[in-house]
Amino acid sequence: MAQALAHGLTIAEAAEHTGVSTHTLRYYERIGAFREPPERDSSGHRRYTERDLSWITLLTRLRATGMPIATMLRYAELAREGNGTAADRKALLVAHRAEVAARIDELQQDLELIDHKINVYEEIDRTRFGR
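Numbers given for residues are sequential positions, taken from 1 along each chain in its written order. Whole-chain, interface and lining totals are the exception, using all residues; otherwise, since this is a predicted model, local features are given only for residues with pLDDT of at least 70 and side-chain atom pairs are given and counted only at 80 or more. Water and hydrogen atoms play no part in the side-chain values, which are based on all heavy atoms of the structure.

Caption draft 1: Just the side chain of Arg-46, in detail. The way it works is that DSSP assigns letters per residue, a run of H or I at least four long becomes a helix, a run of E at least two long becomes a strand, and they are numbered from the N terminus. Tracing the backbone through its elements, the reader meets Arg-46 in strand S2 (residues 46-47). Residue Arg-46 is classed as buried on the basis of its relative accessible area, which comes to 18%. Among the polar contacts made by the side chain of Arg-46, one reaches the side chain of Glu-29 at a distance of 2.4 Å. With a 1.4 Å probe rolled over the protein chains alone, any residue whose accessible area is under 20% of its type maximum counts as buried; one over 50% counts as exposed, and the rest are partly exposed. As used in this structure description, the phrase polar contact means that two N or O atoms lie within 3.5 Å; if the pair is within protein, one of them must be able to donate a hydrogen and the other to accept it, and residues adjacent in sequence are counted only when both atoms belong to side chains.

Caption draft 2: Broad picture of the nonpolar core. Nonpolar cores are built from buried Ala, Val, Leu, Ile, Met, Phe, Trp, Tyr and Cys residues. Side-chain atoms within 4.5 Å join them into one set. Counting residues in hydrophobic clusters, the biggest one holds 21 residues, and the most contacted among them are Leu-25, Phe-34, Tyr-48, Trp-55 and Ile-56. Counting residues per element, the ones that place at least two in this core are helix H2 (11-18), helix H3 (22-31), helix H4 (50-64) and helix H5 (69-81). Contact between two residues is taken to exist if any of their heavy atoms lie within 4.5 Å; hydrogens are not considered. Apart from the residues within four sequence positions on either side, Leu-25 is in contact with Ile-11, Ala-14, Ala-15, Val-20, Phe-34, Tyr-48 and Ile-56.

Caption draft 3: Region of interest: H3. By the burial criterion, the buried members of H3 are Leu-25, Tyr-28 and Glu-29. Looking straight down H3, one finds that the buried residues subtend no more than 100° of arc, so they occupy a single side. Those residues of H3 that are exposed and angled more than 90 degrees off the buried face are His-23 and Arg-30. Regarding the arc, it is the one traced by the directions from the helix axis to the C-beta atoms.

Caption draft 4: A look at the packing of H5 against helix H6 (residues 86-129). Where H5 meets H6, the axes come as close as 9 Å, and the angle between the chain directions of the two elements is 160°. As summarised for this structure, H5 and H6 are arranged roughly antiparallel, according to the angle between their axes. As H5 packs across H6, the resulting crossing turns out to be left-handed. Contact residues: Thr-71, Arg-74, Tyr-75, Leu-78 and Ala-79 in H5; Asp-88, Arg-89, Leu-92 and Leu-93 in H6. Considering only residue class, the contact of H5 with H6 consists of five nonpolar, one polar and three charged. Think of each axis as a best-fit line through the C-alpha atoms, taken over the contacting stretch in the case of a helix, with angles from 0 to 180 degrees between the N-to-C directions. When describing relative orientation, an angle under 35 degrees is termed roughly parallel and one over 145 degrees roughly antiparallel, while 65 to 115 degrees is termed roughly perpendicular and anything else oblique. A clockwise turn of the near helix away from the far one marks a right-handed crossing, whereas an anticlockwise turn of less than a right angle marks a left-handed crossing. Each residue gets one label: Ala, Val, Leu, Ile, Met, Phe, Trp, Tyr, Cys and Pro are nonpolar, Asp, Glu, Lys and Arg are charged, and the others, such as Gly, are polar.

Caption draft 5: Representation of H5 in the model. For H5, built from 13 residues, the straight-helix expectation of 18 Å at 1.5 Å per residue is met to within 8% by its first-to-last C-alpha distance of 18 Å. The elements touched by buried residues of H5 are H3, H4 and H6. Note on H5: the residue one or two positions beyond its end, Gly-82, has a positive phi of about 100°. Take the number of residues in a helix, subtract one, and multiply by 1.5 Å to get its expected span.

Caption draft 6: A look at the environment of Ala-101. Inspection of the secondary structure puts Ala-101 in helix H6. Overall, Ala-101 belongs to the partly exposed group, its relative accessible area being 27%.

Caption draft 7: The side chain of His-96, seen in detail. Residue position: His-96 is located in helix H6. Leave out the neighbours within four places in its chain, and His-96 touches Leu-62, Thr-65, Gly-66 and Met-67.

Caption draft 8: How the structure looks around the environment of Tyr-121. Counting through the fold element by element, Tyr-121 comes out in helix H6. As a C-alpha pair, Tyr-121 and Pro-38 span 83 residues in sequence and 55 Å in three-dimensional space.

Caption draft 9: Examining a nonpolar patch on the surface more closely. Here a patch means residues that are over 30% exposed by relative accessible area and free of salt bridges, tied together within 9 Å if like-charged and within 5 Å if nonpolar (Val, Leu, Ile, Met, Phe, Trp, Tyr). Accessible surface area values rest on a Shrake-Rupley calculation with a 1.4 Å probe, where residue burial reflects the displayed protein chains alone. Salt bridges, as used here, are contacts in which a Lys or Arg side-chain nitrogen is within 4 Å of a carboxyl oxygen on Asp or Glu. Taken together, Leu-111, Ile-114 and Ile-118 make up a surface patch of nonpolar side chains, about 260 Å² in accessible area. Of note, Ile-114 is situated in helix H6. The class for Ile-114 is partly exposed, based on a relative accessible area of 48%.

Caption draft 10: Broad picture of the packing of aromatic side chains. The aromatic pairing rule takes the rings of Phe, Tyr and Trp, using the six-membered ring of Trp, and pairs them if the centres are within 6.5 Å, calling planes under 30 degrees apart stacked, those over 60 edge-to-face and the rest tilted. Going through the model one piece at a time under the given rule, you end up with three aromatic pairs. Arranged with centres 6.3 Å apart and planes meeting at 45°, the rings of Phe-34 and Tyr-48 form a pair that is tilted. Remark: Tyr-48 occurs in the loop between S2 and H4 and Phe-34 occurs in the loop between H3 and strand S1 (39-40); sequence separation between them is 14 residues. Exposure class is identical for Phe-34 and Tyr-48. Each is buried.

From the geometry alone we can't say anything about function, so treat these as descriptive.
Right, here's the structure in full:
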């Protein structure tokens, strides 16, 4: 993999490495979600670097945690503007983190309710069957 990364990965290799489809990679590029578009070789084919793969992983995780595409695009735009936008990027991530933490809290409450119901049914089984 290290040698392949030295020359850049093809879109298929990048898709396999990151777990997203080639369609998703093209889509992210088309809408401007990359910090920088992937470089192209002399024949015009995309070549993905380790930095690109890291960015794709970030985008994938942000989407998986429910970040809207518009917010991801704003984050990418700020990143392209450079270090002067670090505070804005941090604020964006802090706000998103709060939303994710709130969803985790809700899921924890949901899980506790499910566990309670499982315990109720286990108690019924113990009472009915003497287990």
